[in-house]
Amino acid sequence: MKIVLLVFLISKSVLSFSQENTNLIPVAPTNNEVVFEVNLSNIQLGKPFEVSYKMPRSIMQILEIGTNIVALGDTDIEVSNLSPTSIDLSVRTYALQSYPMPSLLITALDLNSNTNIFYTPSFLIPITNDLISNTNITLADIEPIYYVWNHLWTILLLVFLLVILGVVLATQYYKPKEKVVEEKPIDPYVLAKDKLDKLEKQKSTLTEETYKEFFVELSETIREFLSYTKIPLALEMPTREVVQMMKEQKTDEDLQENITFLLRSTDRAKYAKQIFSSDRIEEVIIESYKMVKMIKRQEDKENADELRKS
């Protein structure tokens, strides 16, 4: 019974090769019966590609993979799988031109228990321009890049900012001041008289379409005047509230009757669609002028009493 001592010096290890081993002279022949498989269509710098070697049928056991191998390009080789009759390699290339794959020095035992020493066949590793330009290796700067500030840019920037600031200040300085128009205080008596004069001219030319509009404007004129003089917010108040407020203020009875007549007359024309005769319309206009005069007399009397007291 034959006892075969199997010696594996390399299993799942990395073999490093260098171009500097030029003084090593191969003494073993190349075994062209070794079959290899490799895909050379998508080689990239720094990325591994696989190479598989299958020993001839006469080889029973691989004993050793030698380390005295010459590589003509910067190459890293790692044994990814080792079996008695096959070897799988993971190869990374960093070369910038095509070069031959280094041959492996194999020590193996044949079927007759004889020791054989031979090299595996070589093949060309193609390095193309596309391979170099499409590499996934990122080269970092050896030293950081320092930016040198040009003082001319500082001066130009300051000048630009000063120009902008000058334009803004000049615009504000020379901006013409808006004239403030003082609002003249409203004289409710003049305002009411002007509106009544306008309505007085329209009374004789009223039509079915302008009748209601006439009394709406008359009602607003009366209520607006009361808002400025006797009853604040009379423009927004219903007639009954205006009448109630006059009673609470103890307004002169004649003035109360006058205002009540005017407000109820305009309400009937606006809301009840009552059609007044020309005489009634004339009466409403006359009473409106009378209301203004009565309130004016009362205000003048009150002002005179205050002057006497002072």
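Residues numbered from 1 in each chain as written. Predicted model: local features only at pLDDT ≥ 70, side-chain atom pairs only at ≥ 80, totals over all residues. Heavy atoms only, no water.

**Points about a negative patch on the surface**
Side chains of Asp187, Glu299, Glu302 and Glu306 sit close together on the surface and give a patch of like negative charge. Along the polypeptide, Glu299 turns up in helix α7 (residues 278–309). (Patch = residues over 30% accessible without salt bridge, like charges linked within 9 Å, V, L, I, M, F, W, Y side chains within 5 Å. Areas by Shrake-Rupley, 256 points an atom, 1.4 Å probe, with all protein chains shown as cover. Salt bridge = Lys/Arg side-chain N within 4 Å of Asp/Glu carboxyl O. Lys, Arg positive; Asp, Glu negative; His and termini not counted. Charge placed at Lys NZ, Arg CZ, Asp CG, Glu CD. Helix = DSSP H or I, 4+ residues; strand = E, 2+ residues; numbered from the N terminus.)

**Quick look at the nonpolar core**
Judged by nonpolar contacts, the single largest core of 30 residues is most densely connected at Phe215, Leu218 and Met291. Of all the secondary structure elements, the ones that give two or more residues to this core are α3 (188–202), α4 (211–229), α5 (239–248), α6 (253–271) and α7. In this structure, Met55, Leu82, Val91 and Met101 belong to the second largest nonpolar core, which totals 25 residues. (Core = buried A, V, L, I, M, F, W, Y, C linked by side-chain atoms within 4.5 Å. Buried < 20%, exposed > 50% of the residue type's maximum accessible area, 1.4 Å probe, protein only.)

**A short note on the confidence of the model for the protein**
Per-residue confidence for the protein averages 81 on the pLDDT scale, and 80% of its residues sit at or above 70. For the stretch residues 1–25, pLDDT sits under 50, and the model shows 43 contacts to residues farther than four places along the chain or on other chains. (pLDDT = per-residue confidence, 0-100. Contact = heavy atoms within 4.5 Å.)

**A short note on the environment of Tyr189**
Inspection of the secondary structure puts Tyr189 in helix α3. The class for Tyr189 is buried, based on a relative accessible area of 12%. In this view, Tyr189 contacts Phe225, Thr229, Val292, Ile295, Lys296 and Glu299; residues no more than four positions away in its chain are not counted.

**Considerations on the sheet that holds strand β9 (residues 115–119)**
Pairing in this open sheet of 3 strands is antiparallel, and the strands run β4-β8-β9 from one edge to the other. Two strands lie at the open edges of the sheet, namely β4 (59–65) and β9, each paired on one side alone. Neighbouring strand axes in the sheet, compared pairwise and without regard to direction, differ in orientation by 30° on average. In this sheet, strand β8 (residues 105–110) lies alongside β4 in antiparallel orientation, the contact comprising 5 bridges. The residue of β8 that forms the bridge with Ile62 is Ala108. (Pairing = 2+ DSSP bridges. Axes fitted to C-alpha atoms, helices over the stretch in contact; angles between N-to-C directions.)

**Observations regarding the environment of Pro100**
Within the element layout of this structure, Pro100 appears in strand β7 (residues 99–100). Expressed as a C-alpha distance, the spacing of Pro100 and Ser122, which sit 22 residues apart in the sequence, is 6.4 Å. Contact partners of Pro100, with chain neighbours within four places excluded, come to Leu72, Ser122, Phe123 and Leu124.

**What about the pattern of salt bridges?**
For the structure shown, the criterion picks out 8 salt bridges. Among the ionic pairs, Glu224 bridges to Lys195, the shortest N-O distance being 2.8 Å. Linking Glu224 in helix α4 with Lys195 in helix α3, this pair joins segments that are 29 residues apart in sequence. Taken together, the shared-partner salt bridges connect Glu200, Lys203 and Glu282 into one network.

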